[in-house]
Structure formats: C-alpha cells, structure tokens
Amino acid sequence: MKSEIDKATILSEKSGDKAAFRAAISETTEAILSSFSDESAFSGINPYELRKRIESLPFIPEEGDNWDGMMESVKDTILPHMLRTWSESYMPHLHSPALIEAIAAELIIAAFNSSMDSWDQGPSATELEVKAVRELCTLFGYDESSDGVFTSGGSQSNISALIALRDRYLERKGWDAKKEGLNQDFRKLRLYVSEISHFSFDKGAHIAGLGYNAVVKLPVDEYCRIDTVKAREIIEQDIKNGLEPFMIAATIGTTDFGSIDDVARLREIADDHGLFLHADAAYGSGAILSSYKERIGNLSLADSVTIDFHKMFLLPISSSVLLVKDRTLLDTFQLHADYLNREEDEDDGYINLVGKSVQTTRRFDALKVYMSFRMRGRNGYRKILDTSIENARYFFERISSDDAFIAPIKPELSSVVFALKDGDERNKSVRRKLLSEGIVIGQTVFQGRVMLKFTLLNPHLTHEHIDKLIQRIKEIK
Ligand SMILES: *Cc1c(COP(=O)(O)O)cnc(C)c1O
C-alpha cells in the first residue's frame, strides 16, 4: 500500500507534502529509537559478515522500492550496526555523542537546505554565521579586526590557515602567490609543528605545493608538549642554513594525549624570527567554557585558531571554525563570479560568505552552535566539560595506583593513554575482545609501545562505569 510518504517528492507548502514530511520524520525517529535497547556501543558484528549483508542490498533497482520497504532494509541492515556514540562504552576517538537540540538543528539545516555561499541562498543563515563568528572571536580574545569562517572540520581549518599564512608570508616578500603560484625559493619554506601534531599539516603542506619535507616535526617534552628550547634552536639553525621558516602551529590538545603546547612561548619564538603562529585547538578549544580554561593558554596570541565543535562541544559532525586575528588573511580565498557573488552585492549590504572559504556550497553549521550555546549557556557547558575533564582525571588516578597498568601522561583534557604492563599483544587483544563485546576503546603507540586510550567525552559517564571497565580490562586474557 502506498503511504503518504510515497506520494510526495519534496518538502513544500502543500498539505500533502507537509504530511509526508511529518510522517517521514516521525517514522525515522521511531526507527532510530527502536534500533538500540541496551547500553552497548556496537553490535559486535565482524567486518566480513557486515560487508556481506551490505553487499547484498539492491542499490538502484529499476523500479524503486516504497518507503516501507526501503526503511525495512535500513532498519534490518544499517541501524543495528551503527556505532552508538552516546554509549558509555564508546571512547576510542575524539568522536562525541551529540546534544539533542543540535540533532534537531540538523533537521532544520537539512529541511531548508540553506547554503552559505551567497546571501540569496541563506539570508538568516548568512547573518547568523556572521554573528557566530563575531561572538567566537570575542570568546577567544580577538578584537574587531578579526574574522573567521565555518569549515567542514579541523583538517580544513588547519589547511586553510596554512595556505592563508603562506600567502601572507610570500606577499610580504613582494610575491603574489594567488596569481603566480609558488616562488622560485619555495623549497626553502618551512612550517613547524609538534611531532605529535595532527596529520592535516602534512596533508596541507602537500596541497599547498610545499610537500611533506616542508613540515618540521618539533620534539616534545615528557608532558608531550613542544620542547620550546629545542624548537628555538631548530628554527634558528634552519635560518642559519638559509631556510625560510614562515609558521609554527601549536597544538592545543593533541589528538592522542590532549597535551597543550605553550602558546605564549611559541609566540615569542615566532616574533623573534618573523613567523606566524597558528593554534590548532580542534580538540582543546572546548576547555574555553570549562573551569579549566587557563590550561589552554591565551589563544588570542595566535594569528589563527582552529576550533572543532564536533569534539568537546558535543555537536553533530560537521562543525568547525577557523578564526583569524587579521580579517584580511581570509582574502586568500576571495574570488568573484558573475553568477554568484557580484561585487556590487557587497556594496548594497548583501554578504556573500563564499569569499572566505575553500568550499563553495557549504552547510549552515553555525545554527547548531547557536542553538546549543543559547540553550546550555556558559553554566550548562561548564558542567558538561568539567565532567569530561574530571572523569579523565579520575580514570588516570585509578590506573596510576594499580600495578597492572602504566599511564605515562597526566591528562589536561579528556583523553588518557595507558597500557596493561604485560606487553603489546595483550593490549591489542584486549581492545579487539572489548570491541566484540560492544565496548569500543582506542589504541595508539607511545614511545614504541602499544597503548590503549580512553577519550571521555560522554557527560553521562560515571566513576562507577569507569571502575567496571577497569575491572573488565584486567579480566580479559
Ligand atoms: C580532530 C583533530 C583535527 C582534525 O579535525 P577534523 O575535524 O577531524 O578534520 C585536527 N587537529 C587536532 C589536534 C585534532 O584533534
């Protein structure tokens, strides 16, 4: 039987379409909610079995299925094996559960399908992004000469910063990289990152035409922060050798350890040698609304800052912003097209944000930030973020005082890297075994040893649950 959903095509003002939309959303909500009933993070299915089931799905049949038939297949094959980010047994990555109001925001974003490229594709969307960027600049200590743009994630924010700072550096030397591409001496350009920085800087160096060799990995100290004494020596030596250092990227919350580079020290080094400073706070930016704000340092000292909202801030993927201290840095991405962002529009008050970003068509992710920030407020976010930081502290203390474990780095944020003392193989098998039980934890390497990792972003997580997990890890043979 054809349902009202089968009769509709697109959402519109027509009553049949509105009814179809209401039914589709309500049935989808039910399908989501009935796909899980326990607290596990994952069904535990093995990859071969899951692949076989997904392989067997008809993909584009000659005659389309009806809504019910299509949804049955989603309910049978897809939803049961989704990863449940909200589970207290899910803690491998900087991959958070999503706040409920922000999931509702996603529905608005999809329903209106706004695009951020030009004012006429998203009037309130454009104005809200402008407002959000302004407020975020203030939150992170930038003044009115700053600006920013929402991006698809921390990687795109970092890569955009790298390109903008490279262009500005070359511009100061009288070279127009936008027009001419790289200069003769481009092989001398160097950017400096922590040896445990995110790989998006390597990707960015490649995309920017500089190559991986342009990325100098600075050694870290015992707390996994850039060793600033060695950093200065390395940069000064490179200058003596005729290289051209143009930027340092501090990591404010390294992906594995949550360690935080010293922005103030790195700013001094950058200033002494005419380098730009970028702060990759994709992870650590969340701490700005916690009681532990001072741990991330004064990020307004950096020329640009990467912020992810889909990590500590618990917003659905994707939501990230790049802030720049000097708004003209974003001119790197400015181009005018007759069909999109005519120059005369801007004279008449129509803001076309496409001129600030790598992307053209772009999601209205600022709505999620607005809805959650407005609803939670500073106090609501503080509770969520403090829980996460304090749970990491609790877990670290528990395993530090347990002979079965080692835990080399005291957590500043919400990640704890640790290992069972009895060897790499045991640690690897513990992670695999837990996965098959629906408990998903992280694995990485520290000083050549296989380590396990908890990323404790879930605000529901209790000490009791953490204790149970420690117990289970010890039991697994
Ligand atoms: C997650 C992360 C990134 C990348 O962000 P995406 O949103 O995944 O692209 C960059 N830097 C750090 C430190 C991160 O933790």
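Located above this text is the structure these notes cover.
If you're wondering where the values come from, they're calculated on a predicted model, not measured in any experiment.

Trainee: Which parts of the structure should I look at to understand the pattern of salt bridges?
Mentor: Two side chains bearing opposite charge may form a pair once their charged atoms approach each other closely. Evaluated as defined, the whole model comprises 36 salt bridges. For the salt bridge of Arg-168 with Asp-326, the shortest nitrogen-to-oxygen distance reads 3.1 Å. You can see Arg-168 sitting in helix H7 (residues 154–172) and its partner Asp-326 sitting in the loop between strand E8 (320–324) and helix H12 (343–347), a full 158 residues away along the chain. Across the salt bridge formed by Asp-402 and Lys-474, the nearest N and O atoms sit 2.7 Å from each other. Residue Asp-402 is found in the loop between helix H13 (366–400) and strand E9 (405–406), and its partner Lys-474 is found in helix H15 (residues 463–475); the two are separated by 72 residues along the sequence. On the basis of relative accessibility, which here comes to 14%, the residue Asp-402 falls in the buried class. Classification of Lys-474 as partly exposed rests on a relative accessible area of 30%. Linked by salt bridges that have partners in common, Glu-106, Arg-363, Asp-365 and Lys-368 make up one network.

Trainee: Help me out: how do you make sense of the side chain of Thr-151 in this one?
Mentor: Relative to the elements of secondary structure, Thr-151 occurs in strand E2 (residues 147–151). For Thr-151, the side chain forms a polar contact with the main-chain oxygen of Gly-153, separated by 3.0 Å. Those residues in contact with Thr-151 that sit more than four places away from it in its chain are Gln-156, Ser-157, Ser-319, Ser-320, Val-321, Leu-322, Gln-359 and Asp-365.

Trainee: What is the right way to look at the sheet that holds E9 in this model?
Mentor: Whenever strands of a sheet pair, they do so through backbone hydrogen bonds, lying parallel or antiparallel. Taken together, the five strands give an open sheet; going across it, the order is E1-E11-E12-E10-E9, and neighbouring strands pair in mixed fashion. A single partner strand is all that each edge strand has here, and the edge strands are strand E1 (90–91) and E9. Where strand E11 (residues 440–446) lies against strand E12 (residues 449–455), five bridges are found, and the strand directions are antiparallel. What sits directly across from Val-445, in E12, is Val-450.

Trainee: Whenever I open this one, the side chain of His-278 confuses me. Can you help?
Mentor: Relative to the elements of secondary structure, His-278 occurs in strand E6 (residues 276–281). Within the structure, the side chain of His-278 is placed 2.9 Å from the side chain of Asn-158, a separation counted as a polar contact.

Trainee: Which parts of the structure should I look at to understand the site of the ligand?
Mentor: Taken together, 15 residues lie around the ligand, and Gly-154, Asp-280, Asp-308, His-310 and Lys-311 are the ones closest in. The contact in question runs from an oxygen atom of the ligand to an N or O atom on the backbone of Gly-154, over 2.7 Å. In this structure, Asp-280 approaches the ligand through a side-chain N or O atom, which is 2.6 Å from a nitrogen atom. Against a free-state accessible area of 380 Å², the protein chains account for coverage of 86% of the ligand. Considering each element in turn, the shell around the ligand owes the most residues, three residues, to H7. Looking at the shell around the ligand, its residues break down into three nonpolar, nine polar and three charged.

Conventions used here
Residues numbered from 1 in each chain as written. Predicted model: local features only at pLDDT ≥ 70, side-chain atom pairs only at ≥ 80, totals over all residues. Heavy atoms only, no water. Salt bridge = Lys/Arg side-chain N within 4 Å of Asp/Glu carboxyl O. Helix = DSSP H or I, 4+ residues; strand = E, 2+ residues; numbered from the N terminus. Buried < 20%, exposed > 50% of the residue type's maximum accessible area, 1.4 Å probe, protein only. Polar contact = N/O pair within 3.5 Å; in protein donor to acceptor, adjacent residues only side chain to side chain. Contact = heavy atoms within 4.5 Å. Pairing = 2+ DSSP bridges. Near = heavy atom within 4 Å. Areas by Shrake-Rupley, 256 points an atom, 1.4 Å probe, with all protein chains shown as cover. Nonpolar A, V, L, I, M, F, W, Y, C, P; charged D, E, K, R; others polar.

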